[in-house]
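Descriptive structure summary
Listed below are the residues making up each chain.
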Amino acid sequence: MPAASSEASLPELASVPWRQRTDERWLRRWGRIWGAWTVAYTVPFIAAGVALIAIQPLAAPVALAAFAHAWIIPELYAYRGASVVRPKGPRNEAGEPTAQGFLGDLLAHDERDLQRQTGLAMQRGALGIWLVGEGGALLVTRRRVHCFCVRTTDPELPPSDRVAHLLLALREDEQGFATVANHAFAGAAWRVRRRLPKRMRPALSAARE
Amino acid sequence: MDGSGHTTLAEWTTQDDAAFQAAVEEFGGQLELGYIGTVPEGQGKATHVRELPRDADLVIMRRPIAGG
């Protein structure tokens, strides 16, 4: 391979020089921050609801509203996280069959089948198992799923080409890829899974096996 | 990779200097357009290249990525 003319870091890192490189430590820290944040905005609503019922049982409807907030807000965050891999942008149906074939060439047999079934390309990395979509990626680690919003700068590409762009960048430099991407959410796999389109859920299950 | 799925820009062999030179010029033109040269290496690895490697089986020109 052309070692003299190649480099290990992603060239796009030059566009985000202020960002700390995303490594395992960074992911653990942000996983803990997201966990603490979830507790911080859930517990007060539950406590308020319990207190309202204890003080005045007739306030039960208000307490129910507080409980609903405690349920809905974490769901909205999980929805935001899962949405990074939802299909988006032009379908470009004329170029898609060619792009799909090209993407298939980049994937091994099982990963190719999974991508065609779910729309997500699985890539095993040092940080965890990646599921790459058209405009984002999920990083499945032992305890959490990290959701990254990342896209190619040419939105007119066929969907499979958009996946292939992200996959190649990920393969060039995994930590660089995660650094360039915007971290949208981190949480338990079951929270993300519930908000994924049904078609994509088997990919998350496969990544956790 | 482009809007048509993908387009073959150049083909060369290690023995064909003229074809390789034409490929180098095409590669340079694509870099000026903002594309990034990537050599897939199998087993989930790829390498960013700034110069066209003569011995590579395939070089893919991709667009830069950015946070969404």
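None of these values were measured; they are calculated from a predicted model.

Below, the discussion takes up the nonpolar core. Residues and elements named next belong to chain A. By size, the foremost hydrophobic cluster in this structure holds 57 residues, and its most contacted members are Leu131, Val132, Ala137, Leu138 and Phe148. Here the element with the most residues in this core is helix α5 (residues 159-172); it accounts for 7 residues. Sequence-distant contacts of alanine 137, defined by excluding residues within four places in its chain, comprise Val85, Trp130, Leu131, Val132, Phe148, Val150, Leu166 and Ala181.

So, about the packing of helix α1 (residues 24-55) of chain A against helix α2 (residues 60-82) of chain A. Residue and element names in this part refer to chain A. Taken N-terminus to C-terminus, the directions of α1 and α2 make an angle of 165°; their axes are 8 Å apart at the nearest point. By the angle class used here, α1 and α2 are roughly antiparallel. Relative to α2, α1 is oriented so that their crossing is left-handed. Contacts between α1 and α2 involve Thr38, Tyr41, Thr42, Phe45, Ile46, Ala48, Gly49, Leu52 and Ile53 on the former and, on the latter, Ala60, Val62, Ala63, Ala66, Phe67, His69, Ala70, Ile73 and Pro74.

Many analyses report the size of an interface as the accessible area lost when the parts associate. The interface is formed by 28 residues belonging to chain B together with 39 residues belonging to chain A. Of the residues contributing to the side of chain B that touches chain A, the split by class is 12 nonpolar, 10 polar and 6 charged.

All names here are of chain A. Their axes nearest at 8 Å, the elements helix α4 (residues 109-118) and helix α8 (residues 201-208) cross at an angle of 150°. As the angle between them shows, α4 and α8 are arranged roughly antiparallel. Residues Leu114, Gln117 and Thr118 of α4 lie in contact with α8, whose contacting residues are Pro202, Ala203 and Ala206. Among the residues forming the contact of α4 with α8, the class breakdown is 4 nonpolar, 2 polar and no charged.

Calculation rules
Residues numbered from 1 in each chain as written. Chains lettered and ligands numbered in written order. Predicted model: local features only at pLDDT ≥ 70, side-chain atom pairs only at ≥ 80, totals over all residues. Core = buried A, V, L, I, M, F, W, Y, C linked by C-beta atoms within 7 Å. Buried ≥ 20, exposed ≤ 12 C-beta atoms within 10 Å, placed from the backbone. Helix = DSSP H or I, 4+ residues; strand = E, 2+ residues; numbered from the N terminus. Contact = placed C-beta atoms within 7 Å. Axes fitted to C-alpha atoms, helices over the stretch in contact; angles between N-to-C directions. Parallel < 35°, antiparallel > 145°, perpendicular 65-115°, else oblique. Left-handed = near helix turned anticlockwise from the far one by under 90°. Nonpolar A, V, L, I, M, F, W, Y, C, P; charged D, E, K, R; others polar.

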